[in-house]
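# Remarks on the overall topology
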Amino acid sequence: MDEIMDKTFKLIDVLDNSDVIKNITLYKNKVISNTEIQELINIGNKTMDKYKLMDIKRKLYKYEDYVNYMKYYNELMYIVMDINSRFKSITGNKCF
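The sections below set out a description of the structure shown in this document.

The rules we used
- Every chain is numbered independently, its residues counted from 1 as its sequence is written.
- Owing to the predicted nature of the model, reporting of local features is limited to residues with pLDDT of at least 70; listing and counting of side-chain atom pairs is limited to 80 or more, with chain, interface and lining totals taken over all residues.
- Calculation of side-chain values draws on the structure's entire complement of heavy atoms; hydrogens and water are dropped beforehand.
- Put simply, DSSP marks the helices as runs of H or I at least four residues long and the strands as runs of E at least two long, and each gets a number from the N terminus on.
- Here the globule rule reads 2.2 Å times residues to the power 0.38, and the radius of gyration is calculated from C-alpha atoms.
- Expected helix span is taken as 1.5 Å per residue step, with the number of steps being one fewer than the number of residues.
- Exposed residues in this analysis have more than 50% of their type's maximum accessible area, buried residues have under 20%, and partly exposed residues fall in between, with area computed by a 1.4 Å probe over protein chains only.
- This arc corresponds to the set of directions leading from the helix axis out to the C-beta atoms.
- In what follows, residue pairs with any heavy atoms lying within 4.5 Å of each other are defined as contacts.
- Only buried residues count toward a nonpolar core, which is a set of Ala, Val, Leu, Ile, Met, Phe, Trp, Tyr and Cys residues joined through side-chain atoms within 4.5 Å.
- Axes here mean lines fitted to C-alpha atoms, for a helix over just the part in contact, with angles spanning 0 to 180 degrees between N-to-C directions.
- Geometric relationships in this document are graded by angle, where less than 35 degrees denotes roughly parallel, more than 145 denotes roughly antiparallel, 65 to 115 denotes roughly perpendicular, and other angles denote oblique.
- Crossing handedness is defined as follows: a turn of the near helix away from the far one that is anticlockwise and smaller than a right angle gives a left-handed crossing, while the clockwise case is right-handed.
- Any residue with relative accessible area above 30% and no salt bridge may belong to a patch, with like charges joined within 9 Å and the nonpolar Val, Leu, Ile, Met, Phe, Trp and Tyr side chains within 5 Å.
- The protein chains shown are the only cover counted for residues, whose accessible areas, like all others here, come from Shrake-Rupley with a 1.4 Å probe.
- Within this document, salt bridges are pairs made up of a side-chain nitrogen of Lys or Arg and a carboxyl oxygen of Asp or Glu, the two lying within 4 Å of each other.
- Definition of a polar contact: a pair of N or O atoms within 3.5 Å, with one able to donate and the other able to accept a hydrogen when the atoms are protein atoms, and with sequence-neighbouring residues admitted only if both atoms are side-chain atoms.

Along the protein, the regular secondary structure elements total 5 helices and 0 strands. Counting from the amino terminus, the protein carries its helices and strands in the arrangement α-α-α-α-α. The C-alpha atoms of the protein give a radius of gyration of 18 Å, which is well past the 12 Å a tight globule of 96 residues would have. When the backbone C-alpha atoms are referred to their principal axes, the protein occupies close to 50 × 30 × 15 Å.

Right, dumping it as structure tokens:
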């Protein structure tokens, strides 16, 4: 069991030092500091109108920082999904 924990901590360290995490952090900070993007996100979170949401998404994807943030976010989610799939195949349970 100690070997599994050691390897898990090594995996976390590798992820922490990866370009994916560095880039997602960089673009997350840029998105957070951009008041126009934040305003669009806040409006989108409050509306249930699907046409208004589509318009907001169209506007958000004009911002390069938002596009890059979503790119690295999706890449990270695929990594997590792959890890979950591998754990599930071994244990029969989803771990994360």
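Read on, since the account is not over.
Here we come to helix 2 (residues 19–33). Taking 1.5 Å of rise per residue, 15 residues should cover 21 Å, and helix 2 covers 21 Å from first to last C-alpha, within 8% of that figure. Those residues of helix 2 not exposed but buried are V20, I24, Y27 and V31. Taken around the axis of helix 2, the buried residues stretch over an arc of 75°, which confines them to a single face. Exposed and facing more than 90 degrees away from the buried side of helix 2 are I32 and S33. Here the buried face of helix 2 lies against helix 3 (35–46) and helix 5 (64–91).

By size, the foremost hydrophobic cluster in this structure holds 13 residues, and its most contacted members are I24, V31, I37, L60, Y66 and Y69. Only helix 2, helix 3, helix 4 (50–60) and helix 5 provide two or more residues apiece to this core. Tallying contributions element by element places helix 5 first for this core, with 5 residues. Look past the residues within four positions of Y69 in its chain and what remains in contact with it is I24, Y27, K28 and V31.

Interaxial distance between helix 2 and helix 5 falls to 8 Å at its minimum, and their mutual angle equals 140°. In terms of orientation, helix 2 and helix 5 fall into the oblique class. In the packing of helix 2 onto helix 5, the handedness of the crossing is left-handed. From helix 2, V20, I21, N23, I24, Y27, K28, K30 and V31 reach across to helix 5, where they touch D65, Y66, N68, Y69, Y72, Y73, E75, L76 and I79.

The next thing to look at is a nonpolar patch on the surface. On the surface, a cluster of nonpolar side chains totalling about 540 Å² of accessible area is made up of M1, I4, M5, F9 and I12. Within the element layout of this structure, M1 appears in the segment before helix 1 (2–16). Residue M1 is classed as exposed on the basis of its relative accessible area, which comes to 72%.

What follows covers the side chain of T47. Here T47 is to be found in the loop between helix 3 and helix 4. There is a polar contact of 3.2 Å between the side chain of T47 and the backbone nitrogen of D49. Beyond its immediate stretch of four places on either side in the chain, T47 contacts K52 and L53.

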